[in-house]
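Chains, contacts and geometry: an overview
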Amino acid sequence: MLTFVHEAVEEAARRYPTTVAVAAGTGPPVTYRELLRAVHALAGTLRDRVNPGGRVAVVSRKAPETVVAMLATLHAGMSYVPVDPAAPRQRRDFILDQAACELMLADPADAAADRVDLPVLDPAVDPRSGAGTGAGAGVPARLCPDDEAYVLYTSGSTGDPKGVVITHRNAAAFVRWARRALPLAVGDQVAVHAPLHFDLPVYDLYVGLAGGATLHLVPERTALFPQALQRFLTGRRISHLYAVPSALTALLNRSGLRRDGLPALRRLLYAGEEFRPHALAALMAAVPQATVENLYGPIETNVVTRWRVTGPPDDRVPLGRPVDGVTLALLADDGTASEHAPGEGEIVVAGDCVTPGYLGRPDLTARSKVELCTESGTRRFYRTGDHARRDDDGVLHLLGRRDGLVKTRGYRVELGEIEARIGGHPAVAEVAVVAEPDPELTHRLSALVVPADDRAPDAELVAELLRHCRERLPGYMVPGAVRVVSALPRTSTGKIARARLADLLAVPGAQS
Amino acid sequence: MTALRDRVAATVGGVLAVPVDSVTAAVSLFDLPGFDSVAVVTVLDRLESDFDVEVDPDEIGPEVFESLDTLTDLVGRALAGPTTTGGTR
């Protein structure tokens, strides 16, 4: 019997009415009773405004209203689409249009709602207004497990972001495992660090609130400054933190963390990219009392493996073993797949956690899945594009990623999407985007550009291309440098010689 | 102070590859395109080397990046304060 993720939260809210559910950077904290009332009131309004099963855009500011908006949408039997408040307008409008959102939940004064082609509704409901307490309030919509719960947009290789559909079955599969394996309870102080349009906070929100924990929303600006983040984590006596390694490395290197530690921290989770062993060892030395876990899984599946890091690592940290309910196989080059045998191959995943596909893109969905016969039978698997090795004891180790997909600042980025955007500028004849390993960002992105005409490379073109990117791409996808070159290296077959691009970056010359 | 403000604006504009005019016109530096965690670190590094100062890490928070004036004040304090390293390196 499936427990819907929002119903588990509502059950906790009835059990712990006076406990603080959500505290933001400023403003009064919201108790579970107030949260429940606000959710029911907003859900009532949504039912009047949005068709059953329709999609609602939620501007994902780090505010209690965002949490209310997400829960109310599910309670009303609709699906939410988190929208990055910092997304360029073009990207925002693409997402709203592609997802056919019927309404946007945002403060109407929010810049993220500026000139939006949708009705905008303020999710803020005065908890003392009495709204949400009338007859019929609080009765959740009847849902099927395969109804859509939310859609998360991620980088797509062809130039447009793609929307990963997460059903209630998908969300519940992850939350069921996480509540058992990594539970959160009353008294736990949980930092919601990652942006709410990302998949990490799914743990914070649905595992934390289902357990009666208190969520502390880390303001976007605090997250930019390691010292400010350290003060926030210390001041709020944070006991549980789930973040990407780039953010944790910046916290380690650019705040007083090595000196002061985080005495209240009990559990540190990370995901999204590999943690460099030296940096992780130093972090663990700074918070020796905290347990550390490496979680792995793409947005399409959420977490599929887990590894408890028991001592300072001196080598790459294993991915660990598959979590409950996940069928994980390695697809070898010869086309065979095994769930148990030692060996190497692409990680493929089946089970309740796997997305039904990409919104409006049956072509991409079809390409992302493959029917395979393993020890337990034949079924469709999601192809992660990550390669791994399985040891004799069943522990998985990440080997690498397929071409074109890189991680930067914990986000996954298709280099092709950035190239398509830059290539769309009339002054550009050719472009290649290079990802170079970087100790803090995982990868630093640079663009090599061949101008369309013969005029001398100049700073103006670089500035213009950066502006062009910033209007179309989220900040983490905008190259840190643009270099104008006369030609790109080619292989004998005429393709861009990717292996030689990094050499070109090392040559002194025109740069941003 | 105006000269210092202009130099700080030039540094910020250089890091973000935006015209200095848009830096001086911005109500908040956070509104500038490309202003993210990498830009924050780069701006600070660049200010420290351009002005040959060291900024006290405890002073670095969202408040000082709120506007060009608050950032200029930070540089002004670093220039005047005991953390100035001019001539000692």
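Check the entry above for the structure.
Reading the values: the criteria
- Per-chain numbering applies: the sequence of each chain, read as written, is numbered from 1 onward.
- Written order decides the labels, with chains lettered from A and ligands numbered from 1.
- For this predicted model, a pLDDT threshold of at least 70 governs which residues receive local features, and a threshold of 80 or more governs which side-chain atom pairs are given and counted, while totals over whole chains, interfaces and linings are taken from all residues.
- In computing side-chain values, all of the structure's heavy atoms are included and hydrogens and water are not.
- Secondary structure elements follow DSSP: runs of H or I of four or more residues count as helices, runs of E of two or more count as strands, with numbering from the N terminus.
- Throughout, exposure labels follow a simple rule: accessible area from a 1.4 Å probe, protein chains only, divided by the maximum for the residue type, with under 20% read as buried, over 50% as exposed, and the rest as partly exposed.
- Throughout, a contact is declared for two residues whenever any of their heavy atoms are within 4.5 Å.
- Using the Shrake-Rupley algorithm and a 1.4 Å probe, accessible areas are obtained, with residue cover drawn only from the displayed protein chains.
- Should a side-chain nitrogen of Lys or Arg be within 4 Å of a carboxyl oxygen of Asp or Glu, the pair is scored as a salt bridge.
- By the convention used here, strands pair only if DSSP detects at least 2 bridges between them.
- Axis definition: a line fitted to C-alpha atoms, over the contacting stretch in the case of helices. Angles run 0 to 180 degrees between N-to-C directions.
- Each pair of aromatic rings taken from Phe, Tyr and Trp, with Trp reduced to its six-membered ring, is defined by centres within 6.5 Å and is described as stacked if the planes are under 30 degrees apart, edge-to-face if over 60, and tilted in the remaining cases.
- Look down the strands so they point away from you; if going from the first strand over the helix to the second traces a clockwise path, that crossover is right-handed.
- We define a polar contact as two N or O atoms separated by no more than 3.5 Å, with the added condition that, inside protein, one atom must be a possible hydrogen donor and the other a possible acceptor, whereas residues neighbouring each other in sequence contribute only through side-chain atom pairs.
- The term buried area means the drop in 1.4 Å probe accessible area that two parts suffer when joined, counted for both and summed.
- Working definition: roughly parallel below 35 degrees, roughly antiparallel above 145 degrees, roughly perpendicular at 65 to 115 degrees, and oblique for all remaining angles.
- Throughout, a crossing is termed right-handed when the near helix is turned clockwise from the far one, and left-handed when it is turned anticlockwise from it by less than a right angle.

Before going further, it helps to spend a moment on the overall build of chain B. Counting secondary structure elements, chain B contains four helices and zero strands. Counting helices and strands in the order they occur from the N terminus, chain B gives α-α-α-α. Split into buried and exposed, the 89 residues of chain B put 45% on the buried side. Across chain B, every contact between residues at least 6 apart in sequence was considered, and the portion connecting residues at least 24 apart equals 63%. When the accessible area of chain B is evaluated, it comes to approximately 4200 Å², of which 55% is carbon and sulfur surface.

Residue and element names in this part refer to chain A. Overall, the coordinates contain 28 salt bridges over all chains when judged by the stated rule. Here E293 makes a salt bridge to R306, at a shortest N to O gap of 2.7 Å. Of the two residues, E293 sits in strand β13 (residues 291-296) while R306 sits in strand β14 (residues 305-309), which places them 13 residues apart along the sequence. Looking at E293, the relative accessible area reads 2%, which means it is buried. In this structure, R412 and E300 form a salt bridge, with 2.6 Å as the shortest nitrogen-oxygen distance.

Turning to the sheet that holds strand β27 (residues 481-484) of chain A, a few remarks are in order. The strands making up a sheet associate through backbone hydrogen bonding, with each pair oriented either parallel or antiparallel. Residue and element names in this part refer to chain A. On the basis of which strands lie adjacent, the open sheet formed by three strands has the order β25-β26-β27 and mixed pairing. In this open sheet, the two edge strands, each paired with only one partner strand, are β25 (428-438) and β27. Across the sheet, the axes of successive neighbouring strands diverge by a mean angle of 25°, strand direction being ignored. Most of the contacts of helix α14 (residues 459-470) go to β27, to which it runs at about 135°, and overall it touches β25, β26 (442-451) and β27.

Two descriptors summarise a pair of aromatic rings, namely the distance from one centre to the other and the angle between the planes of the rings. Tallied over the entire structure, the rule returns ten aromatic pairs over all chains. Taken together, a centroid distance of 6.1 Å and an interplanar angle of 50° make the contact between F174 of chain A and W177 of chain A tilted. Taken as a pair, F174 of chain A and W177 of chain A lie in helix α5 (residues 168-181) at a separation of three residues, close to a single helical turn. We note that F174 of chain A, like W177 of chain A, is buried. Through a chain of ring-to-ring contacts, three or more aromatic side chains come together here, namely F225 of chain A together with F30, F35 and F65 of chain B.

Moving on, we get to the pairing of strand β22 (residues 396-401) of chain A. Residues and elements named next belong to chain A. Bridging between strand β21 (residues 377-390) and β22 involves five bridges; their strand directions are antiparallel. When the bridges of β22 are listed, R389 appears paired with H397. Here β21 folds back onto β22, and the loop between the two strands holds five residues, one of which, G394, carries a positive phi near 90°.

Turning our eyes to something else, we now look at the environment of R409 of chain A. As for its position among the elements, R409 of chain A is in the loop between β23 (405-408) and β24 (411-414). A sequence separation of 351 residues divides R409 of chain A from V58 of chain A, and the C-alpha atoms of the two residues are 23 Å apart. In contact with R409 of chain A, not counting residues within four places along its chain, are V244, S246, E273, L441 and Y476 of chain A together with D36 and V38 of chain B.

Let us look at the pairing of strand β4 (residues 79-83) of chain A. All names here are of chain A. Extensive coverage of β4 is indicated by the burial of five of its five residues. The sheet contact formed by strand β3 (residues 55-59) and β4 spans five bridges and is parallel. What sits directly across from V59, in β4, is V83. A crossover links β3 with its parallel partner β4, the connecting element being helix α3 (residues 64-75), and its sense is right-handed.

Residue and element names in this part refer to chain A. Structurally, R390 is set in strand β21. Looking at R390, its side chain comes within polar contact range of the main-chain oxygen of E339, at 3.1 Å. The residues touching R390, leaving out its near neighbours within four places in the chain, are L328, A329, L330, S338, E339, H340, A341, P342, G343, V395 and L396.

Here we take up the sheet that holds β14 of chain A. Residue and element names in this part refer to chain A. Ordered by their spatial adjacency, nine strands build an open sheet running β2-β1-β10-β9-β11-β12-β13-β14-β15, and the pairing between neighbours is mixed. At either end of the open sheet lies a strand with only one pairing partner, and these are β2 (30-31) and β15 (321-322). Relative to β14, β13 runs antiparallel, the two being bridged by five bridges. Within the sheet, the bridge partner assigned to Y296 lies in β14 and is T305.

Turning our attention to the interface of chain B and chain A. Facing 19 residues of chain B, the contacting portion of chain A comprises 15 residues. Buried surface at the junction of chain B and chain A, summed over both partners, amounts to about 1500 Å²; 59% is from carbon and sulfur atoms. A salt bridge links E66 of chain B to R221 of chain A, with the shortest nitrogen-to-oxygen separation between them at 3.0 Å. Our count for the contact surface shared by chain B and chain A stands at two residue pairs in polar contact (both at pLDDT 80 or more). For the side of chain B that touches chain A, the element with the most residues is helix α3 (residues 37-51) of chain B, which contributes four residues.

The next point concerns the packing of α5 of chain A against helix α6 (residues 201-211) of chain A. Residues and elements named next belong to chain A. In the contact formed by α5 and α6, the axes pass within 10 Å of each other and the chain directions differ by 60°. Relative to α6, the element α5 is oriented oblique. In this structure, α5 meets α6 at a crossing whose hand is right-handed. On the side of α5, the interface is formed by F174, V175, A178 and R179, while α6 contributes V202, Y203, Y206, V207 and A210.

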